[in-house]
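# A closer look at the structure
One-letter residues, chain by chain:
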Amino acid sequence: VFNKHLVSFRTRFPESFYLNLPKDIVSGDFIWFHDFSDHVILALADCTGHGVPGAFLSMLGNDLINKAVIEKQIHSPERIAEYLHLSLREYFPEKELAPKQGMDILIVRLTRKGALSWSGARGMGMLLCRGDFPLEMKGDRVFLGSTAVHEFQLWEAEMEKGDRLFLYSDGWTDQKGPSGRKFGKNGL
């Protein structure tokens, strides 16, 4: 799948990989990336719905992130999440999105000096692997676009040489292994 964000991401992080195996031809998952002079911003999103409904929400989410980060110069992950949350609520009046519909997202900011900050919504996860010890990091438990009034948390950590980050959606943990059972977080 060609994605201009992935091209610049792989240029900046040549040892990275991205796996996207959508259930349908179009998907509700997307990745967004932008490289600034002193930091990068990466977002991984999973929109509710499969096929066309999820893809529509993905296109809207991608456009909203562009507006927040590039046009409005919002670079703090929790403020980006807040902008997306409020914007999606404007696009969809209260009755049009069910309580558990919207967008799961993880927004990561990494400086060239290794300062890591992130914020997010719902089921998106990130593993910070330092040696043999993976640390699970998550966002808040609210869907972007839900009717909930929410102030998003900002989480911070310092990266060390050799650390690896793995961002994932529930698509990873919901995959079935050879036994026919879901991998879950332990399998990941």
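Above this note sits the structure.
Residues numbered from 1 in each chain as written. Predicted model: local features only at pLDDT ≥ 70, side-chain atom pairs only at ≥ 80, totals over all residues. Heavy atoms only, no water.

## Describing the overall build of the protein
The helix and strand inventory of the protein stands at five helices and eight strands. Within the protein, buried positions represent 44% of all 188 residues. In the protein, the proportion of contacts linking residues at least 24 apart, taken out of those at least 6 apart, comes to 61%. Put simply, the protein shows about 11000 Å² of open surface, and 55% of that area lies on carbon and sulfur atoms. (Helix = DSSP H or I, 4+ residues; strand = E, 2+ residues; numbered from the N terminus. Buried < 20%, exposed > 50% of the residue type's maximum accessible area, 1.4 Å probe, protein only. Contact = heavy atoms within 4.5 Å. Areas by Shrake-Rupley, 256 points an atom, 1.4 Å probe, with all protein chains shown as cover.)

## Focus: the pairing of strand S1 (residues 29-35)
Pairing of S1 with strand S2 (residues 39-47) involves seven bridges; the strand directions are antiparallel. Counted as the bridge partner of isoleucine 31 is leucine 44 from S2. (Pairing = 2+ DSSP bridges.)

## Some details on the environment of valine 69
The residue valine 69 is located in helix H2 (residues 51-71) in this model. A relative accessible area of 0% places valine 69 in the buried class. Taking the C-alpha atoms as reference, valine 69 lies 7.2 Å from isoleucine 80; in sequence the two are 11 residues apart.

## Describing the sheet that holds strand S4 (residues 115-121)
Strand order in the open sheet formed by five strands is S1-S2-S3-S4-S7, with antiparallel pairing between adjacent strands. The open sheet terminates on both sides in strands that have one partner only, identified here as S1 and strand S7 (155-158). Across the sheet, the axes of successive neighbouring strands diverge by a mean angle of 15 degrees, strand direction being ignored. Direction of pairing for strand S3 (residues 103-111) relative to S4: antiparallel, over a ladder of six bridges. Note on S4: the bridge partner recorded for isoleucine 105 is alanine 121. Packing of H2 onto the sheet brings it into contact with S1, S2 and S3, and relative to S1 it is tilted by some 15 degrees. Contacting S2, S3 and S4, helix H3 (residues 77-91) crosses the sheet at an angle of about 155 degrees to S3. (Axes fitted to C-alpha atoms, helices over the stretch in contact; angles between N-to-C directions.)

## Brief notes about the packing of aromatic side chains
For the structure shown, the criterion picks out one aromatic pair. Between the aromatic rings of phenylalanine 13 and phenylalanine 33, the centroid separation amounts to 6.3 Å while the plane-to-plane angle is 75 degrees, which identifies the pairing as edge-to-face. One end of the pair, phenylalanine 13, is in the loop between helix H1 (4-12) and S1; the other, phenylalanine 33, is in strand S1, with 20 residues separating them in the sequence. Above the face of the phenylalanine 13 ring, arginine 12 is positioned so that its terminal group lies 4.9 Å from the ring centre. (Phe/Tyr/Trp six-rings, centres within 6.5 Å; stacked < 30°, edge-to-face > 60°. Lys NZ or Arg CZ within 6 Å of the ring centre and 35° of its normal.)

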